[in-house]
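Listed below are the residues making up each chain.
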Amino acid sequence: MGSISHVIPTTLSLPHRPSSRFRVSPVPPSRVPTKVGVFAAEHGGTRRGTSTAVDFSDCDWKTKFKEDWEARFRLPHITDIFPDAPPIPSTFCLKMRTPIDGDFPGHYSFDEEWHGYINNNDRVLLKTIYYSSPTSAGAECIDPNCTWVEQWVHRAGPREKIYYKPEEVKAAIVTCGGLCPGLNDVIRQIVITLEIYGVENIVGIPFGYRGFSDKELTELPLSRKVVQNIHLSGGSLLGVSRGGPGVSDIVDSLEERGINMLFVLGGNGTHAGANAIHHECCKRRLKVSVIGVPKTIDNDILLMDKTFGFDTAVEEAQRAINSAYIEAHSAYHGIGLVKLMGRSSGFIAMHASLSSGQVDICLIPEVPFNFHGPNGVLSHLKFLLETKGSAVVCVAEGAGQNLIQKTNATDASGNVIFGDIGVYIQQETKKYFKEIGVHADVKYIDPTYMIRAIRANASDGILCTVLGQNAVHGAFAGYSGITVGLCNTHYAYFPIPEVISHPRLVDPNSRMWHRCLTSTGQPDFI
């Protein structure tokens, strides 16, 4: 079995899913969607914003679409493999903590009616906007008429019945990929919630998936006492790494260690590995719940409002942008250049530019641009120096990769190692202004590792806390091969394949990107 970093999400089938009358084809990761969103179309698709092979001439197409949606988003459960697995009353109870006040609006008549549990039939509405036209800014339509079709996903939270006895649980936590603000917050809350259920055997797997195979790395016993204050610092108590052993080897290790709950914190690649682990456990008929918690500072996970670490990254990016502005504004013909994270998605650069109000040019991977030429970035920089006397440029690391030489190298996770667009812009800008005989003072700031290593801010701290709690609730409810996220301001569970088919991207036709353009005042660099 090859390294887990080579697991391809679109090849993973879901044996528990019933067949449906038509199937929405996943978007291959090697192809870039022309329209961003749940219904992203591949190049050559029949309609912007649609990836479904739906026969719209069928008067019953909407019903069929809903049935297919329900089948796609059904949550894998241990009863799919063990139909006779007995549910038991939950050991997680909030009843004693909530006094019933008869004067409180919407109160319950009897104490026994309130217990704090979520019904299995509860759903969260994925989309709330009714688009009157497919040409409306940011519209994501299913059919040519932009028909309103409800799409529901499963609400997260504690269930009244659970499928694991706490005294029989050995839970493990692993953090994979790169650092991200909030990792320790999630670890802490998973441990605390597991203990509330009654679990006493909790361990951390050191340095990502590598910790399952490296004999020099031993699992770290975790308890509330161990994790009580870890959220006060950045990084990960467990350490992180990319790559690792094959899926079969990881499941072998799970069996040997007696682990039956695995909480995996990571991005798209890590979740692909978690899904592969889930399927291997099903294949071997192991009662193991594999639960993902999306960790990506780039905010590039499908279907979710945001991922943890993103708010902190945007807030911290302000320090770099403000420094770039001060440097540029204080120099004669000063240009401040800031490179931010964002391999394939420009959310951090876009939101940081919007929130700072000091950025004149924002460059992201989703929007192509010319750097040279009469309509290029350099021409606009010259205009800014002539009219304002200074300029601030914010660029995402994945932007403009067509302008620089390919490295033809990959990291341990199989990600292409990008050329440094920040250095390229810095050097080309200096060269351009020197050639035209105009003085320019260029200052380049790359705060990437400073941002990744800090502790989570208050907003992310809350998000991490709830994500950690709901991950544990999902495991005890018997789900596996799922991940948890914030959807339409509510917390929800998703089957892993539905959120990893391709990265979530900034929609160049969205209102948010239009707002960014309004803020910067930049033209199209085409």
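Scroll up for the structure.
Only a predicted model underlies this, so the values are computations on that prediction, with no experimental measurement involved.

**Structural notes on the sheet that holds strand 10 (residues 334-340)**
Note on sheets: strands pair through backbone hydrogen bonds, and any given pair is parallel or antiparallel. With parallel pairing, 4 strands are arranged side by side in an open sheet as 11-12-10-13. Edge positions in the sheet fall to strand 11 (361-363) and strand 13 (441-445), since each of these pairs with one other strand and no more. The mean angle between the axes of side-by-side strands here comes to 15°, regardless of whether they run parallel or antiparallel. Two elements, strand 10 and strand 12 (residues 390-396), share 7 bridges in a ladder whose sense is parallel. The residue of strand 12 that forms the bridge with glycine 334 is serine 390. Strands strand 10, strand 11 and strand 12 of the sheet are contacted by helix 8 (residues 377-387), whose axis makes an angle of about 150° with strand 12.

**Focus on the packing of helix 6 (residues 310-330) against helix 7 (residues 347-356)**
The interhelical angle for the contact between helix 6 and helix 7, taken along N-to-C directions, is 55°, at an axis separation of 9 Å. For the element pair helix 6 / helix 7, the angle class is oblique. Where helix 6 crosses over helix 7, the handedness of that crossing is right-handed. Residues Phe310, Ala313, Val314, Ala317, Gln318 and Ile321 of helix 6 form the contact with helix 7, whose own contacting residues are Phe347, Ile348, His351, Ala352, Ser353, Ser355 and Ser356.

**Brief notes about the pairing of strand 5 (residues 170-175)**
Burial analysis of strand 5 places 6 of its 6 residues in the buried class, which makes it a mostly covered element. Judged by which residues are buried, strand 5 turns out to be covered on both faces: Lys170, Ala172 and Val174 on one side and Ala171, Ile173 and Thr175 on the other are all buried. In this region the chain leaves strand 5, passes through helix 2 (residues 183-197) and returns to the parallel neighbour strand 6 (residues 201-205); the handedness of that crossover is right-handed. Sheet topology note: the strand 5/strand 8 (residues 261-266) ladder contains 5 bridges and is parallel. Within the sheet, the bridge partner assigned to valine 174 lies in strand 8 and is valine 264.

**As for the nonpolar core**
Ranked by internal contacts, the top residues of the largest apolar core, which has 70 residues, are Ile173, Leu194, Met261, Phe263, Phe308 and Phe476. Contacts of methionine 261, omitting those with residues within four sequence positions, involve Tyr164, Val169, Lys170, Ala171, Ala172, Leu194, Val288, Ser289, Ala475 and Phe476. Of all hydrophobic cores here, the second largest spans 42 residues; its members include Val54, Tyr209, Leu262 and Ala274.

**Structural notes on the pattern of salt bridges**
Applying the stated criterion across every chain yields a total of 18 salt bridges. With its nearest N and O atoms 2.5 Å apart, the salt bridge here joins aspartate 311 to lysine 306. Judged by relative accessible area, aspartate 311 falls into the partly exposed class, the value being 21%. One salt-bridge network, in which partners are shared between bridges, spans Asp252, Glu255, Glu280 and Arg284.

**Digging into the packing of aromatic side chains**
This structure, assessed with the given rule, holds 10 aromatic pairs. Where phenylalanine 92 meets tyrosine 197, the ring centres are 5.2 Å apart and the plane angle is 25°; that geometry is what we call stacked. Pair noted here: phenylalanine 92 is in the loop between strand 1 (88-89) and strand 2 (123-125) and tyrosine 197 is in helix 2, with a separation of 105 residues, a long-range link. Using a relative accessible area of 8% as the deciding quantity, one classes phenylalanine 92 as buried. These aromatic residues form a ring-pair network of at least three members: Phe92, Tyr164, Tyr197 and Phe476. For the cation-ring pair, lysine 287 lies above tyrosine 164, with the distance from its terminal atom to the ring centre recorded as 4.8 Å.

Quick notes on the rules
Residues numbered from 1 in each chain as written. Predicted model: local features only at pLDDT ≥ 70, side-chain atom pairs only at ≥ 80, totals over all residues. Heavy atoms only, no water. Pairing = 2+ DSSP bridges. Helix = DSSP H or I, 4+ residues; strand = E, 2+ residues; numbered from the N terminus. Axes fitted to C-alpha atoms, helices over the stretch in contact; angles between N-to-C directions. Contact = heavy atoms within 4.5 Å. Parallel < 35°, antiparallel > 145°, perpendicular 65-115°, else oblique. Left-handed = near helix turned anticlockwise from the far one by under 90°. Buried < 20%, exposed > 50% of the residue type's maximum accessible area, 1.4 Å probe, protein only. Right-handed = clockwise from strand over helix to strand, strands pointing away. Core = buried A, V, L, I, M, F, W, Y, C linked by side-chain atoms within 4.5 Å. Salt bridge = Lys/Arg side-chain N within 4 Å of Asp/Glu carboxyl O. Phe/Tyr/Trp six-rings, centres within 6.5 Å; stacked < 30°, edge-to-face > 60°. Lys NZ or Arg CZ within 6 Å of the ring centre and 35° of its normal.

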